[in-house]
Amino acid sequence: MIPLNFPNNIQIQTTSYCNAACGFCPYPEISRELPMGRMDDELFMSIIDQLAEHEVSLVQPFLMNDPLMDKQLVPRLSYMKRKLRGPRINITTNGALLGPKVAREFARLDLDSIHISSNGITQSVNKATMGIDNPTVLRNVNVLADELRKSGARTELIVTGLLLHATRAEVFIARDYWRSRGITYFINPLNDRAGNIAHDKFEAQLPFDREVNRSQLLSYDMSGCPSLYSFMGILYNGDLVTCCMDWRRSLILGNARKNSLYDLWRSRAYRHIRQSSDTGRLGERLLCKQCGQNRFSIDQDVLQDHIDRQMEGTGQQDHLRVAKLLRETYEQDQQSVKLNLVRPV
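A brief report on the enclosed structure follows. Nothing here was measured: the structure is a model prediction, and the numbers come from that model. (Residues numbered from 1 in each chain as written. Predicted model: local features only at pLDDT ≥ 70, side-chain atom pairs only at ≥ 80, totals over all residues. Heavy atoms only, no water.)

## A few points about the pairing of strand β3 (residues 88-93)
Where strand β2 (residues 58-60) and β3 come together, two bridges link them in parallel fashion. Its bridge partner being in β3, leucine 58 is matched across the sheet by arginine 88. Crossover handedness for the path β2 to helix α3 (residues 73-83) to β3: right-handed. Pairing of β3 with strand β4 (residues 113-117) involves four bridges; the strand directions are parallel. The partner of asparagine 90 across the bridge, within β4, is serine 113. (Pairing = 2+ DSSP bridges. Helix = DSSP H or I, 4+ residues; strand = E, 2+ residues; numbered from the N terminus. Right-handed = clockwise from strand over helix to strand, strands pointing away.)

Below is the structure:
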């Protein structure tokens, strides 16, 4: 596979910090194991200036963090908007720090899309799954939606919730609530972040009983990966990682402070890992192999069998209700349940 002349999907970790403590995310553990920090202005502007010289489809100023932990995010987004005329700009946040002032700034910036990660609709569920205050998130997202409407911004506002054991009773209530506010909502299945979440912890969060959960875990052939030919992830210190799954920074492909992004994209390190992909040996790398495993999905036949067994009185009523709703959702609106929410054009 031939790589693009320059990556068209860029993620920039302007800060490595997050204010949440999600049980489905490696961050709480990783942040205690590895150095954390904030990208300095000189490096950030150098990266953006270089991107302005190339055709890029999507730029996201976050990577394994919450972007609002960067106190300079708004001026940095303003710089991106001034310098980058072609690519779409997206951020994903848990919304806890999205206060009224930031909401007004986001409306003014007119970003392409803003994703809010929020589970359930009640305080107990969001607090249990993410460790953040849900009333604050609800207020902030509603304020942002109002500000976007008032300003006439073209920004698409999207809320996403994970289908988990803890959220199964509320995920469809949350969907209906956000849709009533005119906000797009996606139900997002769970994966173990390429093995970065311990398997027992991962399994405990899946929505149904063990038999059904395990029957829904899919595995993909990761002998090759298209991201290596189009994606670039830049950490706060300028280090480049292969993808958003490399939480433990197992392979550093160079540093944006030492070399240009153009030269790094053609470096020996990138050529070497792409050669592994080209020859079908990428799965020999543990991270890549695990990336293809434990992808929770929804097999319709297994789901229907689960519904049939529940109706015979062998299971719990909340399992049955959620399974039926999930079945109906797939029949009526398959696009509301998806793994990848943002893709380059």
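After presenting the structure, the write-up continues.
## Digging into the pattern of salt bridges
Summed over all chains, the structure comprises 18 salt bridges. When the shortest N-O distance is used, the salt bridge between aspartate 41 and arginine 38 registers 3.7 Å. Accessibility expressed as a relative area gives 41% for arginine 38, which makes it partly exposed. Its salt-bridge partner being aspartate 146, residue arginine 149 comes within 3.3 Å of it at the nearest N-O pair. Placement of both arginine 149 and aspartate 146 in helix α6 (residues 134-151) is noted, with a separation of three residues, approximately one turn of the helix. With relative accessibility at 35%, the residue aspartate 146 sits in the partly exposed group. Because the salt bridges share partners, they merge into one network encompassing Arg38, Asp41, Asp70 and Arg76. (Salt bridge = Lys/Arg side-chain N within 4 Å of Asp/Glu carboxyl O. Buried < 20%, exposed > 50% of the residue type's maximum accessible area, 1.4 Å probe, protein only.)

## Points about the nonpolar core
Counting residues in each nonpolar core, the largest one holds 93 residues, and the members touching the most others are Leu51 and Phe106. At six residues, α6 tops the list of elements feeding residues into this core. Leave out the neighbours within four places in its chain, and phenylalanine 106 touches Leu68, Leu73, Val74, Leu77, Ile91, Leu98, Leu111, Ile114, Leu144 and Leu148. (Core = buried A, V, L, I, M, F, W, Y, C linked by side-chain atoms within 4.5 Å. Contact = heavy atoms within 4.5 Å.)

## A word on the packing of helix α4 (residues 100-109) against α6
At their nearest, the axes of α4 and α6 sit 9 Å apart, and the two run at 35 degrees to each other. The way α4 lies across α6 gives a crossing that is right-handed. Contacts between α4 and α6 pair Pro100, Ala103, Arg104, Phe106 and Ala107 from the former with Val143, Leu144, Glu147, Leu148 and Ser151 from the latter. Of the residues that constitute the contact of α4 with α6, the class distribution is seven nonpolar, one polar and two charged. (Axes fitted to C-alpha atoms, helices over the stretch in contact; angles between N-to-C directions. Left-handed = near helix turned anticlockwise from the far one by under 90°. Nonpolar A, V, L, I, M, F, W, Y, C, P; charged D, E, K, R; others polar.)

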